[in-house]
Amino acid sequence: MEPLSVSTNRFTLDLYKKLNETSKGQNIFFSPWSIATALSMVYLGAKGDTATQMAEVLHFNQTAREEGSSETRPSSARPKKRKMDPEHEGAENIHSGFKKLLSDINKRRNTFLLKSANRLYEEKTYRLLPEFLQLITSYYNAKPQAVNFKRAAEQVRAQINSWVENQTERKIQSLLPAGSLHSRTVMVLVNAIYFKGTWEKKFLEKNTSEMPFRISKTKTKPVQMMFLKDKFFILHEATMKFRIIELPYVENELSMFVLLPDDISDNTTGLEMVERELTYEKLAEWTKSSNMMKADVDLYLPKLKVEENYDLKSPLSSMGIQNAFDPRQADFTGMSVKKDLFISQVIHKAFVEVNEEGTEAAAATGVLMMRSRVPTMTFKADHPFLFFIRHNKSQTILFFGRFCSPSISSALSMVLLGSKGSTEAQISKVLSLSSTQDAHNGYQSLLSEINDPNTKYILRTANRLYGEKTLEFLPSFIESSQKSYHAGLEQMDFLHAWEDSRRQINGWVEERTEGKIQNLLAEGILNSLTRLVLVNAIYFKGNWEEQFDKQNTSERPFRINKNDTRPVQMMFKEAHFNMTYIGDFQTKILELPYVGNELSMIILLPDSIQDGSTGLERLEKELTYEKLMVWISPKMMESTNVQVSLPRFKLEENYDLKPLLRSMGMLDAFDSGKADFSGISSGNELVLSEVVHKSFVEVNEEGTEAAAATGLMFVECCAMIVPEFTADHPFLFFIRHNKTYSILFCGRFCCP
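Throughout what follows, the structure given in this document is the object of discussion. In this text the structure is predicted, and so the values were computed from the model without any measurement.

What counts, and where the lines are drawn
- Residues numbered from 1 in each chain as written.
- Predicted model: local features only at pLDDT ≥ 70, side-chain atom pairs only at ≥ 80, totals over all residues.
- Heavy atoms only, no water.
- Helix = DSSP H or I, 4+ residues; strand = E, 2+ residues; numbered from the N terminus.
- Buried < 20%, exposed > 50% of the residue type's maximum accessible area, 1.4 Å probe, protein only.
- Areas by Shrake-Rupley, 256 points an atom, 1.4 Å probe, with all protein chains shown as cover.
- Arc of directions from axis to C-beta.
- Contact = heavy atoms within 4.5 Å.
- Pairing = 2+ DSSP bridges.
- Axes fitted to C-alpha atoms, helices over the stretch in contact; angles between N-to-C directions.
- Parallel < 35°, antiparallel > 145°, perpendicular 65-115°, else oblique.
- Left-handed = near helix turned anticlockwise from the far one by under 90°.
- Nonpolar A, V, L, I, M, F, W, Y, C, P; charged D, E, K, R; others polar.
- Core = buried A, V, L, I, M, F, W, Y, C linked by side-chain atoms within 4.5 Å.
- Expected span 1.5 Å × (residues − 1).
- Salt bridge = Lys/Arg side-chain N within 4 Å of Asp/Glu carboxyl O.
- Polar contact = N/O pair within 3.5 Å; in protein donor to acceptor, adjacent residues only side chain to side chain.
- Patch = residues over 30% accessible without salt bridge, like charges linked within 9 Å, V, L, I, M, F, W, Y side chains within 5 Å.
- Lys, Arg positive; Asp, Glu negative; His and termini not counted.
- Charge placed at Lys NZ, Arg CZ, Asp CG, Glu CD.

## Structural notes on the overall build of the protein
Phase 1: Tallying secondary structure elements over the protein gives 18 helices and 27 strands in all.
Phase 2: Looking at the 752 residues of the protein, the share that counts as buried comes to 57%.
Phase 3: If you sum the accessible surface of the protein, you get close to 32300 Å²; carbon and sulfur atoms cover 46% of it.

Okay, structure coming up:
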């Protein structure tokens with residue numbers, strides 16, 4: 001068993017360091033035994049590169065070599081030997097090692113409780129290889145249980161969670177969250193482990209008192225600090241400046257080891273150097289009984305309780321298990337003759353409580369496997385120390401932890417209507433218009449489509465001109481504005497009552513957007529020099545064609561970047577949607593239609609987040625209209641059954657568009673010396689001074705409500721004052737009018 005323990009212990013430290021990348025300054029606690037056992041059951045049916053990657057990450061290659069070189073004939077209880085593939089050479093020794101260790105863990109004892117169990121849940125209509133089922137039962141005692149994922153996924157989820165609760169004395173509840181199973185789930189492999197033991201040398205409750213726990217050099221938090229003076233095995237590592245102590249449980253079969261840095265430097269936890277330099281070889285050397293000395297110790301240890309949840313798909317993928325999660329490359333033909341299985345999720349939950357009596361710890365790991373068609377969207381001491389619980393006979397780490405701390409274009413087109421010369425050319429270029437007349441005719445047609453009252457949703461847009469009553473506007477401009485944009489002219493007294501005018505304009509916008517866009521024009525933006533304000537407002541409210549069930553909405557973490565998460569209310573829905581995968585950009589695209597299928601929300605979701613980024617950077621940098629239209633075309637989008645997890649969110653944004661439009665090439669319009677709006681007023685004294693935009697969107701289980709407004713302010717050239725703008729990760733979204741392919745709203749959700 002020792003080589004297997006070496007492998008799992010190496011995997012322990014690899015995974016700890018990977019989790020540490022996204023958990024700086026946070027508590028960590030997991031069961032490497034549980035995770036490795038669950039993955040080993042999957043490895044039993046893996047082939048080719050899938051098996052090779054798993055073996056490398058789990059360090060099984062070394063185990064296979066070491067045990068294979070000194071292999072003795074197995075007992076009659078061992079399953080009949082099957083012919084192994086080259087990549088599985090010696091793999092039987094790995095599975096036999098787990099079998100022996102599982103048996104040793106589950107021995108009946110009177111002084112403490114330690115147990116571990118495995119279970120396999122299989123879709124009753126999906127045929128798994130009898131050989132695989134026989135081997136997993138014999139090696140891992142994982143009795144197969146036929147269930148109905150296709151028609152009763154939520155019932156099966158409750159059944160699995162109940163089994164885990166029973167195996168862990170109810171310490172691990174709801175291992176599988178709502179929505180994690182669905183009709184394409186084929187198999188779930190589960191491991192559960194539970195431990196409850198008393199200290200060989202107990203702490204006395206009367207010696208426990210409140211003391212400060214130093215989180216950093218300058219911060220402390222109060223903890224209940226236990227105290228015991230007795231003899232313990234201890235080691236002081238002078239080079240790396242930390243101490244390690246062994247705290248045995250009764251019978252000495254299990255011990256807790258605590259690694260405590262000598263002190264904290266600066267604003268760190270004090271653990272950084274130990275974590276950076278920690279290897280299995282060093283840990284094994286430090287914890288050898290021959291290297292630790294028995295000494296009288298004044299021991300202070302905080303009472304603690306830690307509960308942690310982990311979605312291990314991303315950490316395991318970055319560690320090297322990649323093919324197993326890829327529907328196109330996963331090879332689990334050792335489980336089924338069909339090459340259509342892949343791992344969709346690996347979920348882990350762990351619990352530990354340390355008090356004067358001893359320790360209670362539990363953990364469970366679920367590996368969810370499904371059939372592949374197209375990629376599925378799941379549209380997850382008195383200062384800090386490390387600790388782990390080790391099975392001493394086999395030198396296997398069972399638990400490991402760290403305790404740290406108790407509608408813009410419509411408005412611009414109206415401007416285009418009155419612009420001339422290079423001003424007109426620049427605006428046309430920014431709006432990507434080949435023909436200005438076609439553009440105006442197009443907007444006239446689009447307005448008619450958008451404002452169609454015979455729809456199952458509410459969608460309307462309106463335009464309005466507010467002009468200084470002393471300014472003479474060209475009749476042709478007024479007529480064209482009314483004809484193409486339904487934008488009537490309202491005369492205002494900007495000269496003497498600009499604030500009253502501002503409130504009147506804001507009131508019109510608020511009315512047209514059902515109160516969602518308020519104060520479009522901020523105080524002070526209009527003055528006595530203002531001559532013309534162009535305003536566009538748009539409002540939409542529609543229900544999803546396939547609504548989300550509120551009962552399936554739950555709080556889940558939203559990954560803002562590689563290191564930070566925030567809780568969101570994550571909605572869940574499984575149904576058929578149009579979806580595609582853009583391999584070059586590693587991005588999923590999903591279409592969520594509204595009732596009537598005339599409008600849809602399109603979501604672009606990168607696969608993962610890179611260091612120091614949101615994961616959207618490359619997509620945003622290289623995204624073009626041409627690419628987008630190809631990606632969401634009927635040829636690319638395919639209707640498929642999709643598991644959608646989408647955060648319920650509300651966004652309200654304000655933008656000053658002047659610098660953005662200038663940087664896009666619309667320069668003359670804002671330049672008092674070059675602006676040519678002689679199509680609006682014969683005096684050609686107008687220049688565009690400000691362009692402001694406000695938008696609102698709320699997405700919930702029923703559908704979407706969105707509104708936006710854009711305001712453009714003109715002043716006289718001669719008096720021109722030139723003033724100098726966020727569900728189990730970030731995505732782009734826009735709302736498209738499908739009949740005309742017009743993008744009505746565009747947004748990015750990065751941070752809830």
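## Re helix α6 (residues 130-140)
Phase 1: Where α6 is concerned, the buried positions are Phe132, Leu133, Leu135, Ile136, Tyr139 and Tyr140. Buried residues in α6, looked at end-on, bunch into an arc of 165°, giving them a common side.
Phase 2: The inward-facing, buried residues of α6 contact α2 (32-43), α5 (91-105), β2 (113-123), β3 (143-147) and β4 (185-198).
Phase 3: Residue Asn141 follows α6 closely and has a positive phi angle near 50°.

## As for the sheet that holds strand β25 (residues 703-716)
Sheet strands pair by backbone hydrogen bonding; their relative direction is either parallel or antiparallel.
Phase 1: Strands sit in the order β16-β15-β17-β25-β24-β23 across an open sheet of six strands; the sheet is mixed. Two strands lie at the open edges of the sheet, namely β16 (488-492) and β23 (649-656), each paired on one side alone. Between one strand and the next, the sheet's axes are offset by a mean angle of 15°, whatever the strand orientation.
Phase 2: When strand β15 (residues 458-468) meets β16, the two strands line up parallel, connected through five bridges. Bridging across to β16, Tyr466 finds its partner in Glu490.
Phase 3: Of the strands in this sheet, β15 and β16 touch helix α14 (residues 475-485), which is tilted by about 170° from β15.

## A word on the sheet that holds strand β12 (residues 358-371)
Phase 1: Strand order in the open sheet made by the six strands is β3-β2-β4-β12-β11-β10, with mixed pairing throughout. Two strands close off the open sheet at either side, each with one partner strand: β3 and β10 (304-311). Within this sheet the neighbouring strands show an average axis-to-axis angle of 15°, counted without direction.
Phase 2: Two strands pair when backbone bridges link them, and β4 and β12 are joined in this way by 13 bridges, in the antiparallel orientation. Directly across from Asn191, in β12, lies its bridge partner Thr365.

## Considering the packing of α2 against α5
Phase 1: Contact geometry of α2 with α5 gives a least axis separation of 11 Å together with a crossing angle of 140°. By the angle class used here, α2 and α5 are oblique. Like other packed secondary-structure pairs, α2 and α5 cross with a definite hand, here left-handed. The residues of α5 that touch α2, namely those facing Trp33, Ala36, Thr37, Ser40 and Tyr43, are Ala91, Ile94, His95, Phe98, Leu101, Leu102 and Ile105.
Phase 2: Per-class residue counts for the contact of α2 with α5 are nine nonpolar, three polar and no charged.

## Regarding the nonpolar core
Phase 1: Counting residues in each nonpolar core, the largest one holds 88 residues, and the members touching the most others are Phe11 and Phe332.
Phase 2: Sort the elements by how many residues they give to this core and α2 lands first, with eight residues.
Phase 3: Leave out the neighbours within four places in its chain, and Phe332 touches Val42, Gly45, Ala46, Thr50, Met54, Ala324, Leu341, Phe342, Ile343 and Met369.
Phase 4: Within the second largest apolar cluster, 25 residues are counted, among which are Trp544, Met571, Leu599 and Phe649.

## Points about α5
Phase 1: Look at α5: 21 Å from first C-alpha to last across 15 residues, which is about the 21 Å you get at 1.5 Å a residue.
Phase 2: When you tally the buried positions in α5, you get twelve out of 15 residues, the bulk of the element.
Phase 3: All of the buried residues along α5 are Ala91, Glu92, Asn93, Ile94, His95, Ser96, Gly97, Phe98, Leu101, Leu102, Asp104 and Ile105.

## Regarding the environment of Leu474
Phase 1: By the secondary structure assignment, Leu474 is in the loop between β15 and α14.
Phase 2: Counting along the chain gives 209 residues from Leu474 to Gly683, while the straight-line C-alpha distance between them is 9.8 Å.
Phase 3: Contact partners of Leu474, with chain neighbours within four places excluded, come to Ser678, Gly679, Ile680, Ser681 and Ser682.

## Focus: the pattern of salt bridges
Phase 1: Counting across every chain of the model gives 31 salt bridges.
Phase 2: Across the salt bridge formed by Glu499 and Arg503, the nearest N and O atoms sit 3.9 Å from each other. Within this pair, Glu499 and its partner Arg503 are both found in helix α15 (residues 494-512), separated by four residues, close to a single helical turn.
Phase 3: Because the salt bridges share partners, they merge into one network encompassing Glu499, Asp500, Arg502 and Arg503.

## A word on the side chain of Ser40
Phase 1: Positionally, Ser40 belongs in helix α2.
Phase 2: The exposure class assigned to Ser40 is buried, which follows from its relative accessible area of 0%.
Phase 3: Here the side chain of Ser40 touches Tyr140 through a polar contact of 2.4 Å, side chain to side chain.
Phase 4: Leaving out residues up to four positions away in the same chain, Ser40 has contacts with Phe60, Ile94, His95, Phe98 and Tyr140.

## Structural notes on a positive patch on the surface
Phase 1: A surface patch of like charges, here positive, comprises Lys124, Lys150, Arg151 and Lys338.
Phase 2: Considering the arrangement of structural elements, one finds Lys150 in helix α7 (residues 149-167).
Phase 3: For Lys150, a relative accessible area of 48% translates into the label partly exposed.

## Things to note about the packing of α5 against α6
Phase 1: Where α5 meets α6, the closest approach of the two axes is 8 Å, and the angle between their N-to-C directions is 45°. When the interaxial angle is binned, α5 and α6 end up oblique. Contacts between α5 and α6 pair Glu92, His95, Ser96, Phe98, Lys99 and Leu102 from the former with Ser138, Tyr139 and Tyr140 from the latter.
Phase 2: For the contact of α5 with α6, a count of residues per class yields four nonpolar, three polar and two charged.

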